[in-house]
Amino acid sequence: MKSLTLSALLTCCALPALAEDNWTWISEELFGERALRDGAQVIAIDAPYRTQNDSRTQIAAQVAAPAGLNIGRVLVVLDDNPMPVSAVFALDQPQPRFFFDVTMRINGPTPLHVVAETTDGQLFVAETFVKTSGQGACAAPPGTDPKEALATLGNMLIEAVPGPSSAQSLGALRLKQVDVDISHPSHSGMQMDQISLLFIPMRYVEDVRIDLDGAGYVDITGSISLSENPRLGLSVPGKTRSVDVTMTDTDGTVSTAHKDLAAF
């Protein structure tokens, strides 16, 4: 990785599409000359063949590190979205297995790449293609009135559910899944107020920090690709007893939520 911060990566990859194969320049910007290994045995992407709702499409993946290694970071790239690097999961506590599930807005038909980085510096990539209905989701009008959305902005609900079935079958490595619903309009900067006909200023969930049992677990960098009122799910160790979430948006608003989890 070149010496770029995550915010710089998001910025440098928020450029207009200048070529048919955007993945070529995106991967060069992100990883330079580092080798990208075939991730077919490491990453399983769960994404629809065609979205039913371009503005709220569920994207998920399970990542399993090769034997003896741990996952340190996972990137989600929607190649043809205005801000392709759509979410970055940086694990403070690297894991042999990691699952995420997030609601995205997909602007148009696009390749989807998921890149997993192991703690020894190896990069693994898997890809699929997502078709859309042509709504142009990043510029679609908000689902709620912008002023009304401000009243609940930052509210969060945390839920714990059983982990992915394939993860639970790993025996000793028992996992839970934590879902976080975030109330946020996630304005892309490309949407127009239907009354004033002026563009609504960009404002989206920039960072979600998740701590487990009082210690750092994962830091998630967001983008305009996150849907309005995004829902975020991820795996956590089965022994986890408490979850703290800190959300920061691009306007500097910070909100927090806490939940104690039942024994597993």
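The structure presented is a predicted model; accordingly, all values stated were derived computationally and were not measured. (Residues numbered from 1 in each chain as written. Predicted model: local features only at pLDDT ≥ 70, side-chain atom pairs only at ≥ 80, totals over all residues. Heavy atoms only, no water.)

A. Layout of the sheet that holds strand β11 (residues 205-212). Pairing within the open sheet is mixed, and its nine strands lie in the order β1-β8-β7-β4-β5-β12-β11-β14-β15. The two strands at the open ends of the sheet, each matched to only one other strand, are β1 (36-38) and β15 (254-260). Ignoring strand direction, the axes of neighbouring strands in this sheet form an average angle of 20 degrees. Sheet topology note: the strand β7 (residues 110-118)/strand β8 (residues 123-130) ladder contains eight bridges and is antiparallel. The residue bridging Leu112 from the neighbouring strand is Thr128, located in β8. On the sheet, helix α2 (residues 22-31) packs against β1, β4 (71-78), β5 (85-95), β7 and β8 and is oriented at approximately 150 degrees with respect to β4. (Pairing = 2+ DSSP bridges. Helix = DSSP H or I, 4+ residues; strand = E, 2+ residues; numbered from the N terminus. Axes fitted to C-alpha atoms, helices over the stretch in contact; angles between N-to-C directions. Contact = heavy atoms within 4.5 Å.)

B. Spatial organisation of the confidence of the model for the protein. For the protein, per-residue confidence averages 87 on the pLDDT scale, and residues scoring 70 or more make up 86% of the total. Counting contacts from residues 1-19, a segment whose pLDDT is below 50, to residues more than four positions away or on other chains yields 38 contacts. Taken as a whole, residues 165-172 scores under 50 in pLDDT and shows nine contacts with residues more than four places along the chain or in a different chain. (pLDDT = per-residue confidence, 0-100.)

C. Local environment of unusual backbone geometry. Backbone geometry places Ser186, a non-glycine residue, at a positive phi of 50 degrees. Mapping Ser186 onto the fold places it in the loop between β10 (175-182) and β11. You can call Ser186 buried: its relative accessible area is 0%. (Buried < 20%, exposed > 50% of the residue type's maximum accessible area, 1.4 Å probe, protein only.)

D. Main features of the layout of surface pockets. Empty space within the largest pocket amounts to approximately 370 Å³. Residue lining of the largest pocket: 20 residues in total, with Pro146, Lys147, His187, Asp193 and Ile200 positioned closest to the centre. For the lining of the largest pocket, a count of residues per class yields twelve nonpolar, three polar and five charged. (1 Å grid on protein atoms, 1.4 Å probe; cavity = no way out; pocket = protein on both sides within 12 Å on 5 of 7 lines; lining within 4 Å. Points joined across faces, edges and corners; volume = space filled by probe spheres on them. Nonpolar A, V, L, I, M, F, W, Y, C, P; charged D, E, K, R; others polar.)

E. Just empty space enclosed by the protein, in detail. With the rule as written, the count across this model stands at one cavity of 30 Å³ or more. In this structure, the largest cavity spans a volume of roughly 80 Å³. For the largest cavity, the full set of lining residues is Ala87, Phe89, Val102, Ile182, Val205, Val208, Ile220, Gly222, Leu226, Pro230, Arg231 and Leu232. At the level of secondary structure, the elements contributing two or more residues to the lining of the largest cavity comprise β5, β11 and β13 (231-237). Partitioning the lining of the largest cavity into residue classes produces ten nonpolar, one polar and one charged.

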